[in-house]
Amino acid sequence: MTDSFPRLQARTRRFTLGVPRGFTISPQGDRVIFLRTKSGIDPVTCLWEFDIATGTERLVVDPLSLGAADEDLPPEERARRERSRESAGGVVGYSTDQRVRMAVFALSGELHLVDLSSGVTRRLETPGPVIDPRLDPDGTKVAYVTGGALRVQDLATGTDTALATPEHDEVAYGLAEFVAAEEMDRMRGYWWSPSGDRLLVARVDDSPVALWHIADPANPDRPAVPQRYPAAGTANAEVSLFVIGLDGSRVAVPYDQEYLVTAIWDAYGPAIVTLSRDQRSMRLLSVDPATGATEPLREDTDPAWVDIVSGVPARLSDGSLVWVADADGGRRLIIGSDPVTPPSLQVRAVLDVDGDTVLFQASGEPTEIHLWTYAGGAISPVAMESGVYGGRRAGGVTLVTSQSLESEGTSITVIRPDGTAPSGGGSIRSVAERPPLEPRVSFVRAGSRDLSTAILFPSWHVPGSGRLPVLMDPYGGPHAQRVLAARRMFLESQWWAEQGFAVIVADGRGTPGRGPAFEREVRHDFTLTLDDQVDALQGVAAQHADDLDLSRVAIRGWSFGGYLAALAVLRRPDIFHAAVAGAPVTDWRLYDTCYTERYLGHPDEGHYEASSLLADAEKLDRPLLLVHGLADDNVVAAHTLRLSSALLAAGRPHTVLPLSGVTHMTPQEVVAENLLLLQLDFLKKSLGI
């Protein structure tokens with residue numbers, strides 16, 4: 001293609017379209033169901049099947065053939081996609097029965113059932129738009145949420161029954177509340193029993209949560225959208241739990257702590273994970289589905305906070321608990337009550353439990369994420385080449401996704417139980433577009449803290465030939481990494497390098513992969529993240545003294561990176577000479593409870609002012625561009641507007657770019673393309689380039 005990088009990156013949703021995802025391996029180990037668009041510029045996601053015996057794939061569901069060219073999504077589904085950062089359309093999620101013979105999915109709010117062997121799809125009648133449909137284990141019934149009610153439809157008779165109906169407009173059954181979806185990675189609110197006769201169901205009452213309004217100033221004829229937003233220090237939604245039978249029975253499941261983290265219901269019964277409001281105590285509780293009584297199985301505590309780890313709890317075939325917890329300075333895989341991984345190997349997530357084999361992600365080197373298995377009392381690497389790996393496992397079959405600095409895109413490999421590939425080839429194709437540039441990345445440990453740091457120079461730059469203006473390009477906040485051994489992490493950074501910058505990307509304290517102590521150093525003080533960016537810059541400059549012009553240093557970022565960029569020019573104008581702050585958190589009292597209180601505590605404890613930006617407005621004497629989507633319901637536009645007001649009151653010139661109708665993701669193609677170009681123009685003028 002001949003499109004510019006900014007246009008192609010926008011059109012391809014950052015080169016994610018065409019990459020297979022959402023894998024389900026059949027328990028027989030003969031098929032893989034997955035999601036993928038037809039090309040790298042096609043935003044419509046289809047459902048596919050990969051035959052493991054032959055190595056061939058087959059299109060199962062094409063949304064366009066079902067008349068879904070223009071999606072009409074209910075508000076709850078739009079919110080769910082925003083929380084999950086879903087930028088594509090079509091079949092973006094599905095649920096199968098236990099044997100992976102049938103699947104259900106929602107398309108434009110309509111419920112569809114597909115026979116995976118024949119591909120025959122039929123639409124099921126429902127009384128309203130459908131959210132999160134899920135088949136029961138036997139594939140005879142489907143549960144879904146509509147209008148806040150949890151309903152179940154019998155597939156043989158078509159009988160559709162409301163199991164739980166909201167008592168008022170602020171109640172919903174079977175959905176995840178805002179903080180669960182945004183901060184706890186829980187996107188669901190109900191779980192089928194193995195026998196399919198009962199469900200464990202969350203009831204969410206949003207009425208205690210403060211009511212905010214997301215306005216659209218560009219369209220004054222449209223009313224503001226009301227939103228319940230749990231800002232730090234304010235009330236969360238009230239989440240209660242019930243075992244609800246298909247016969248209409250309802251049993252309450254009481255628990256004491258503030259947050260419902262997750263739940264499972266397997267052959268050994270239901271279990272739930274709860275977390276205290278201060279996040280220093282996490283409990284794993286078994287549930288008696290007949291009485292609702294709970295029994296403690298485990299409690300983890302930490303003086304700072306207990307981390308939520310994806311994929312647990314789970315159980316081996318004999319019922320042994322699979323868990324992840326911090327012990328002896330590391331994040332470790334726990335089987336039963338015993339750690340089975342060394343403290344030096346930081347477990348990232350449990351991906352699957354297949355009988356007595358656990359598939360999990362872990363890092364020895366923080367810039368890499370490898371795939372491991374636990375079986376028979378020992379751990380084994382699935383692949384140890386440098387890169388970032390993920391995967392699934394069922395029926396003895398292991399599916400491996402891999403990215404690296406040496407290869408383009410994402411590779412997906414299927415490995416049979418005997419370790420061989422399918423006869424027709426063991427790869428599921430990615431049809432993503434090839435980026436029109438190749439990242440030239442060097443990894444170093446920079447500064448006094450040996451921070452994981454990536455350095456990118458223009459392809460035409462000869463080392464020592466001249467000093468380039470510097471662009472710091474971090475995220476920099478807790479719970480996320482930028483410096484990983486995968487090309488896709490640096491495509492945009494390389495584009496900035498090609499514009500004439502030496503680009504530095506650094507992961508400071510609070511980022512994962514280096515152990516719990518490193519993550520917890522940001523407790524009560526987010527400004528330490530700025531100290532680390534300065535440390536990394538100075539460390540790189542010491543190694544490349546003839547390549548970096550420290551009299552022209554800019555910084556840009558989005559979300560926490562936007563906060564960090566604004567913080568940099570406010571507090572360290574001696575180092576940073578211009579900044580672009582996209583969707584920045586400027587006042588931590590305006591961000592949500594679960595994230596903010598984890599790191600800064602309750603606002604009454606007094607740790608917010610030091611980390612917020614509003615009081616620093618009078619310090620600004622460097623060019624600052626603030627960018628914010630006016631439809632952002634995560635970091636609301638009030639953050640940028642309040643900082644702008646404070647800057648105006650202090651008489652400090654600055655630039656504000658409001659994005660009408662844009663959310664936190666900025667998925668719109670023209671907006672995403674021109675946003676890069678406008679940032680480039682601003683930074684070049686600001687630095688005198």
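Scroll up to find the structure.
What comes next is a walk through the structure. Every chain is numbered on its own, with residues counted from 1 as its sequence reads. For a predicted model such as this one, the threshold for reporting local features is a pLDDT of at least 70, and the threshold for listing and counting side-chain atom pairs is 80 or more; totals across whole chains, interfaces and linings nevertheless cover every residue. Calculation of side-chain values draws on the structure's entire complement of heavy atoms; hydrogens and water are dropped beforehand.

What follows deals with the overall build of the protein. Each helix and strand in the protein was counted, giving 10 helices and 43 strands. Radius of gyration here uses only the C-alpha atoms, and the compact-globule reference equals 2.2 Å multiplied by the residue count raised to the power 0.38. Its C-alpha atoms give the protein a radius of gyration of 25 Å, near enough to 26 Å, the size a compact globule of 689 residues would have. With respect to the principal axes defined by its C-alpha atoms, the protein has extents near 70 × 55 × 55 Å. Sequence separation of at least 24 residues holds for 59% of the intrachain contacts in the protein that already meet a minimum separation of 6. Runs of H or I in DSSP of at least four residues are treated as helices and runs of E of at least two as strands, each being numbered from the N terminus. Contacts are assigned to residue pairs that have any heavy atoms within 4.5 Å of one another.

Turning our eyes to something else, we now look at helix α7 (residues 560–571). Relative to the 16 Å expected for 12 residues at 1.5 Å per residue, α7 spans 16 Å between its end C-alpha atoms, a close match to the ideal helical length. Type-normalised accessible area, obtained with a 1.4 Å probe on protein chains alone, sets the label of each residue: buried when under 20%, exposed when over 50%, and partly exposed for intermediate values. The buried count for α7 comes to 11 of 12 residues, which makes it a mostly enclosed element. Residues Phe560, Gly561, Gly562, Tyr563, Leu564, Ala565, Ala566, Leu567, Ala568, Val569 and Leu570 constitute the buried set of α7. Buried residues along α7 sit in contact with α6 (528–543), β40 (548–558), β41 (578–582), α8 (593–600) and β42 (624–629). To estimate how far a helix should reach, multiply one less than its number of residues by 1.5 Å.

Moving on: the environment of His479. Mapped onto the fold, His479 is located in the loop between β38 (468–472) and α4 (491–498). Among the residues examined, His479 registers a relative accessible area of 48% and is labelled partly exposed. With 59 residues separating them along the chain, His479 and Gln538 place their C-alpha atoms 24 Å apart. Look past the residues within four positions of His479 in its chain and what remains in contact with it is Gly510, Pro512 and Tyr599.

In a packed pair of helices, the relevant descriptors are the angle between the two axes and the axis-to-axis distance. Interaxial angle, 0 to 180 degrees, is taken between N-to-C directions of lines fitted to C-alpha atoms, where a helix line uses only the stretch in contact. Close contact between α6 and α7 brings their axes to 10 Å; oriented N to C, the two are set at 75°. Relative to α7, α6 is oriented roughly perpendicular. Across from Thr529, Leu530 and Gln533 in α6, the residues of α7 making contact are Phe560, Leu564, Leu567, Ala568 and Arg571. Across the contact of α6 with α7, the residue classes tally to five nonpolar, two polar and one charged. Any angle that falls under 35 degrees is termed roughly parallel, while one over 145 is termed roughly antiparallel, one within 65 to 115 roughly perpendicular, and all others oblique. Asp, Glu, Lys and Arg are counted as charged, while Ala, Val, Leu, Ile, Met, Phe, Trp, Tyr, Cys and Pro are counted as nonpolar; the rest, among them Gly, fall into the polar class.

Let us look at the sheet that holds β38. At least two DSSP bridges between two strands are required for those strands to pair. Across the sheet, eight strands lie side by side as β36-β37-β39-β38-β40-β41-β42-β43; this open sheet has mixed pairing. The outermost strands of the open sheet, each flanked by one partner alone, are β36 (441–446) and β43 (655–659). Along the sheet, successive strands turn relative to each other by an average axial angle of 20°, direction set aside. Along the sheet, α6 makes contact with β36, β37 (451–456), β38, β39 (502–507) and β40, crossing β36 at roughly 110°. Docked against the sheet, helix α9 (residues 638–649) engages β42 and β43, running at close to 150° with respect to β42.

A separate point is the packing of aromatic side chains. The geometry of an aromatic ring pair is captured by the separation of the ring centres together with the interplanar angle, meaning the angle of the planes. Here a pair means two rings of Phe, Tyr or Trp (six-membered ring of Trp) with centres within 6.5 Å. Their orientation is stacked below 30 degrees between planes, edge-to-face above 60, and tilted elsewhere. This model, assessed by the stated rule, comprises 23 aromatic pairs. Aromatic side chains Trp305 and Tyr599 sit 4.9 Å apart centroid to centroid with 85° between the ring planes, which places their arrangement in the edge-to-face category. Of this pair, Trp305 sits in the loop between β24 (294–301) and β25 (314–315) while Tyr599 sits in helix α8, placing them 294 residues apart in sequence. The exposure classification of Trp305 matches that of Tyr599, with both residues buried. Judged by centre distance (5.3 Å) and plane angle (90°), the rings of Phe526 and Phe560 are edge-to-face. Highlighted residues: Phe526 in the loop between α5 (516–519) and α6 and Phe560 in helix α7, separated in sequence by 34 residues. Phe526 sits in the buried class, given a relative accessible area of 0%. By the ring-pair criterion, three or more aromatic residues cluster together here, those being Trp305, Tyr475, Phe526, Phe560, Tyr563, Trp588, Tyr591, Tyr595 and Tyr599.

This part covers the pattern of salt bridges. The term salt bridge refers to a pairing of a side-chain nitrogen on Lys or Arg with a carboxyl oxygen on Asp or Glu at a separation within 4 Å. Inspection of every chain in the model, using the stated rule, returns 51 salt bridges. In this structure, Asp307 and Arg331 form a salt bridge, with 2.8 Å as the shortest nitrogen-oxygen distance. Of the two residues, Asp307 sits in the loop between β24 and β25 while Arg331 sits in strand β27 (residues 330–335), which places them 24 residues apart along the sequence. A residue is classified by how much of its surface remains accessible, and Arg331, at 9% relative accessible area, is buried.

With that out of the way, let us pick up α4. Within α4, seven of the eight residues are buried, leaving the element largely enclosed by the surrounding structure. If you check which residues of α4 are buried, you get Leu491, Glu492, Ser493, Gln494, Trp495, Trp496 and Ala497. For α4, the elements touching its buried residues are α1 (5–11), β37, β38, β39, β40 and α10 (669–687). Looking one or two residues past α4, Gly500 carries a phi angle of roughly 110°, positive in sign.

The sheet built from four strands is open, its strands ordered β10-β11-β12-β13 with antiparallel pairing. In the strand order of this sheet, the two ends are held by β10 (131–135) and β13 (160–164), each with one partner. Direction aside, the axes of adjacent strands within the sheet are offset by 25° on average.

Take the nonpolar core next. Counting residues in hydrophobic clusters, the biggest one holds 91 residues, and the most contacted among them are Leu333, Phe576 and Trp588. No other element matches α7, which puts nine residues into this core. Once residues lying within four places of it in the same chain are set aside, the contact partners of Trp588 are Ala232, Phe526, Phe560, Tyr563, Tyr595, Thr596, Leu600, Tyr608, Ser611 and Ser612. Residues grouped as a nonpolar core are buried Ala, Val, Leu, Ile, Met, Phe, Trp, Tyr and Cys residues, joined through side-chain atoms within 4.5 Å.

With respect to the helices and strands, the residue Ser26 is situated in the loop between β1 (21–25) and β2 (31–37). Beyond its immediate chain neighbours, meaning those up to four positions away, Ser26 contacts Arg31, Val100, Ala394 and Gly395.

So, about the pairing of strand β34 (residues 397–403). Most of β34 sits inside the fold, with seven of its seven residues counted as buried. By the alternation rule, side chains of β34 split into Val397, Leu399, Thr401 and Gln403 and Thr398, Val400 and Ser402, which are all buried. Examined bridge by bridge, strand β33 (residues 388–394) and β34 share seven bridges and lie antiparallel to one another. Note on β34: the bridge partner recorded for Arg393 is Thr398.

Take unusual backbone geometry next. The omega angle of the peptide bond from Val312 to Pro313 is 10°, so this bond is cis rather than trans. Relative to the assigned elements, Pro313 resides in the loop between β24 and β25. Phi angles above zero are rare outside glycine, and Val100 is one such case at about 55°. Residue position: Val100 is located in the loop between β6 (95–96) and β7 (102–107). Given the relative accessible area of 3%, Val100 is considered buried.

With that settled, consider the packing of α4 against α10. The interhelical angle for the contact between α4 and α10, taken along N-to-C directions, is 40°, at an axis separation of 12 Å. One way to sum up the angle between α4 and α10 is to call them oblique. Taken as a pair, α4 and α10 cross one another with a handedness that is right-handed. Of α10, the residues touching α4 (which contributes Glu492, Trp495 and Trp496) are Leu676, Leu677, Gln679, Leu680 and Leu683. Taken together, the residues that form the contact of α4 with α10 break down as six nonpolar, one polar and one charged. Note on convention: the crossing is left-handed when the near helix lies turned anticlockwise from the far helix by less than a right angle, right-handed when the turn is clockwise.

Turning our eyes to something else, we now look at the environment of Tyr389. Inspection of the secondary structure puts Tyr389 in strand β33. Tyr389 gets classed as buried once you look at its relative accessible area, which sits at 9%. Separated by 20 residues in sequence, Tyr389 and Ile369 place their C-alpha atoms 5.7 Å apart. Other than its neighbours up to four places away in sequence, Tyr389 contacts Gln361, Ile369, His370, Leu371, Ala383, Val400, Thr401 and Ser402. The term polar contact refers here to a pair of N or O atoms within 3.5 Å; inside protein, the definition further demands a hydrogen-donor-capable atom paired with an acceptor-capable atom, and it admits residues adjacent in sequence only when both atoms are side-chain atoms. Engagement of the side chain of Tyr389 in a polar contact is seen with the backbone oxygen of Glu385, the distance being 3.2 Å.

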